[in-house]
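Coordinate inspection notes
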Amino acid sequence: MFVRYFDHAATTAVKEEVLKEMLPYFSINYGNASSIYSLGRQSKRAIDNARMQVSEVLNCHPREVYFTGCGSESDNLALKGVAFENLHKGNHIITTKIEHHAILNTCKSLEKEGFVVTYLNVDENGFININELKSSITDKTILISIMFANNEIGTIQPIKEIGEIAKLKNIYFHTDAVQAVGNSRINVQEMGIDLLSMSAHKFYGPKGVGALYVRDGIDLKKIQDGGHQEKDKRSGTENVAGIVGLGKAIELAYKNFDKYNEKLTSLRDYYISQVEERIPEVKLNGDRKTRLPGNANISFKGIDRRSVIIKLRCKGNMCI
Ligand SMILES: *Cc1c(COP(=O)(O)O)cnc(C)c1O
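Keep in mind that this is a model prediction, so the values were computed, not measured.

Let's shift gears to the state of the cysteines. Applying the stated criterion across every chain, the model contains one disulfide. Covalently, Cys 314 is tied to Cys 319 through a disulfide, its sulfur atoms 2.0 Å apart. Because the torsion about its S-S bond is 105°, the bridge between Cys 314 and Cys 319 counts as right-handed. Cys 314 sits in the partly exposed class, given a relative accessible area of 30%. Unpaired in terms of disulfides, Cys 107 finds its nearest cysteine sulfur in Cys 70, a separation of 16 Å. A relative accessible area of 0% places Cys 107 in the buried class.

Next comes the structure, spelled out in structure tokens:
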């Protein structure tokens, strides 16, 4: 049976072209990027090339891009790294109630270490309230971490406005952009973003590799001890093939950005309108317009989500 996959917020398949770029780094180009002979230099060059591919999309310098093991690790490094490095300035962090667990549970663990976290509310469409953000800031606030776009309801936050507030108050601004990379235009300069997390497997790259953008001049406390890879911000021999895949995947995502996302947006709106037209008592969650191009989140009154998922596995009496 032909399977139609509708869960790209959970993960995506690796694109052919991405896989092709990666393959040599599992076999012939197996050098350790820290080795100073040619096999190692090749790996280092491949990593530097990926750093450039990421920096071109974000509008930052390649040296501001650090590779990690996943989106969750990028989030941990950003939050714990900034928090522990800036304890002398303050212990207050602002985030939202609708972050991914990579942020929420990191905040919980920071609370156990003595940090104070404010979890902002969101309105019925999933937006934070800018005034609530402003009034939450204290002279102890060191970091604001607000996701670029939500992984369930797809709502895109007013990132530029948040960036302006953070800058005005001299507070670092981190955004978990794991859902946004590939589906939103991102410009860290224009948007005032100081740190940004991404994960390759959400934009047709491989699983097990992520990146963190860290604005020049921001120091992070290391969260994993070991060698001095990634300018001593992230220890561990680099996942060269994965990093090459991340670089190629992000390049491709923005090469075809308008065409791909316009099509996705029109398919999304068609899908939502058809469901609303044909099924009684449905509710679209999130904002109708300011949402990820590929995101539709709908509640069906009186129906448990698990039974919908189980039924959607079948067509007639054929099930997968
Ligand atoms: C998927 C996701 C993560 C976690 O990324 P992993 O690479 O799976 O660790 C973090 N934040 C958001 C918003 C996500 O969608």
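What follows covers a nonpolar patch on the surface. A cluster of nonpolar side chains, contributed by Val 14, Leu 19, Leu 23 and Phe 26, occupies part of the molecular surface with about 360 Å² of accessible area. Checked against the element boundaries, Phe 26 lands in the loop between helix 1 (16-22) and helix 2 (38-58).

On to the nonpolar core, then. Judged by nonpolar contacts, the single largest core of 55 residues is most densely connected at Leu 58, Ile 144, Ile 186, Ile 193 and Met 198. Taken together, the elements giving at least two residues each to this core come down to helix 1, helix 2, strand 1 (65-68), helix 5 (130-136), helix 6 (159-168), strand 6 (195-199), strand 7 (210-214) and helix 8 (240-255). When residues of this core are assigned to their parent elements, the largest contribution, ten residues, is made by helix 8. When near neighbours in sequence (up to four residues on either side) are disregarded, Leu 58 contacts Ile 186, Asn 187, Val 188, Leu 196, Met 198 and Tyr 213.

Once that is clear, we can look at the packing of aromatic side chains. Within the structure shown, the criterion is met by three aromatic pairs. Ring centres of Tyr 204 and Tyr 260 lie 6.3 Å apart, and the angle between their planes is 85°; on these two criteria the pair is classed as edge-to-face. Here Tyr 204 is found in the loop between strand 6 and strand 7, whereas its partner Tyr 260 is found in helix 9 (residues 257-278), with 56 residues between them in sequence. The partly exposed category is assigned to Tyr 260, whose relative accessible area is 33%. Summarising the aromatic geometry, the rings of Tyr 254 and Phe 257 are spaced 5.1 Å apart at their centres and angled 10° between planes, so their arrangement reads as stacked.

For any two helices packed against each other, one specifies the crossing angle of their axes together with the interaxial distance. As a packed pair, helix 3 (residues 71-85) and helix 4 (residues 101-112) sit with axes 9 Å apart at the nearest point and diverge in direction by 30°. With respect to helix 4, the axis of helix 3 lies roughly parallel. Seen along the crossing, helix 3 lies across helix 4 with a hand that is right-handed. Between helix 3, through Ser 72, Asp 75, Asn 76, Leu 79, Lys 80, Ala 83 and Phe 84, and helix 4, the contact on the second element is made entirely by Ala 102, Ile 103, Thr 106, Cys 107, Ser 109 and Leu 110. Taken together, the residues that form the contact of helix 3 with helix 4 break down as seven nonpolar, four polar and two charged.

Right, let's talk about the site of the ligand for a bit. The full set close to the ligand counts 13 residues, and Ser 72, Asp 176, Gln 179, Ser 199 and Lys 202 are the nearest of them. Residue Gly 71 places a main-chain N or O atom 2.8 Å away from an oxygen atom belonging to the ligand. Here an oxygen atom of the ligand sits 3.0 Å away from a polar atom, N or O, in the side chain of His 201. Considered on its own, the ligand offers 380 Å² of accessible surface; in the complex 89% of this is hidden by protein. No other element matches the three residues that helix 3 contributes to the shell around the ligand. A per-class count over the shell around the ligand returns three nonpolar, seven polar and three charged.

Next up on the list: the packing of helix 2 against helix 8. Two elements in contact, helix 2 and helix 8, have axes whose closest approach is 8 Å; the angle formed by their N-to-C orientations is 30°. What the angle tells us is that helix 2 and helix 8 run roughly parallel. Crossing hand, helix 2 versus helix 8: left-handed. Across the interface between the two elements, Ser 43, Ala 46, Ile 47, Ala 50, Gln 53, Val 54 and Val 57 of helix 2 pack against Val 240, Ile 243, Val 244, Leu 246, Gly 247, Lys 248, Ile 250, Glu 251 and Tyr 254 of helix 8. Grouping the constituent residues of the contact of helix 2 with helix 8 by class yields eleven nonpolar, three polar and two charged.

A word on the domain arrangement of the protein chain. What the domain assignment reports for the protein chain is domain 1 (17-253) and domain 2 (257-315). Distance between the C-alpha centres of domain 1 and domain 2: 28 Å. Facing the 18 residues of domain 1 at the interface are 14 residues of domain 2. Around 1300 Å² of area is buried between domain 1 and domain 2 when both sides are counted, 51% of it from carbon and sulfur atoms. Among the residues of domain 1 in contact with domain 2, Ile 153, Asn 183 and Arg 185 are the three that bury the most area, contributing 37% of the side total. Residue Arg 185 pairs with Asp 258 through a salt bridge whose shortest N-O separation is 3.4 Å. Tallied by class, the residues present in the side of domain 1 that touches domain 2 amount to seven nonpolar, nine polar and two charged.

About the cut-offs
- Residues numbered from 1 in each chain as written.
- Predicted model: local features only at pLDDT ≥ 70, side-chain atom pairs only at ≥ 80, totals over all residues.
- Heavy atoms only, no water.
- Disulfide = S-S within 2.5 Å.
- Buried < 20%, exposed > 50% of the residue type's maximum accessible area, 1.4 Å probe, protein only.
- Patch = residues over 30% accessible without salt bridge, like charges linked within 9 Å, V, L, I, M, F, W, Y side chains within 5 Å.
- Areas by Shrake-Rupley, 256 points an atom, 1.4 Å probe, with all protein chains shown as cover.
- Salt bridge = Lys/Arg side-chain N within 4 Å of Asp/Glu carboxyl O.
- Helix = DSSP H or I, 4+ residues; strand = E, 2+ residues; numbered from the N terminus.
- Core = buried A, V, L, I, M, F, W, Y, C linked by side-chain atoms within 4.5 Å.
- Contact = heavy atoms within 4.5 Å.
- Phe/Tyr/Trp six-rings, centres within 6.5 Å; stacked < 30°, edge-to-face > 60°.
- Axes fitted to C-alpha atoms, helices over the stretch in contact; angles between N-to-C directions.
- Parallel < 35°, antiparallel > 145°, perpendicular 65-115°, else oblique.
- Left-handed = near helix turned anticlockwise from the far one by under 90°.
- Nonpolar A, V, L, I, M, F, W, Y, C, P; charged D, E, K, R; others polar.
- Near = heavy atom within 4 Å.
- Polar contact = N/O pair within 3.5 Å; in protein donor to acceptor, adjacent residues only side chain to side chain.
- Domains from an automatic or database assignment.
- Buried area = accessible area lost by both parts, 1.4 Å probe.

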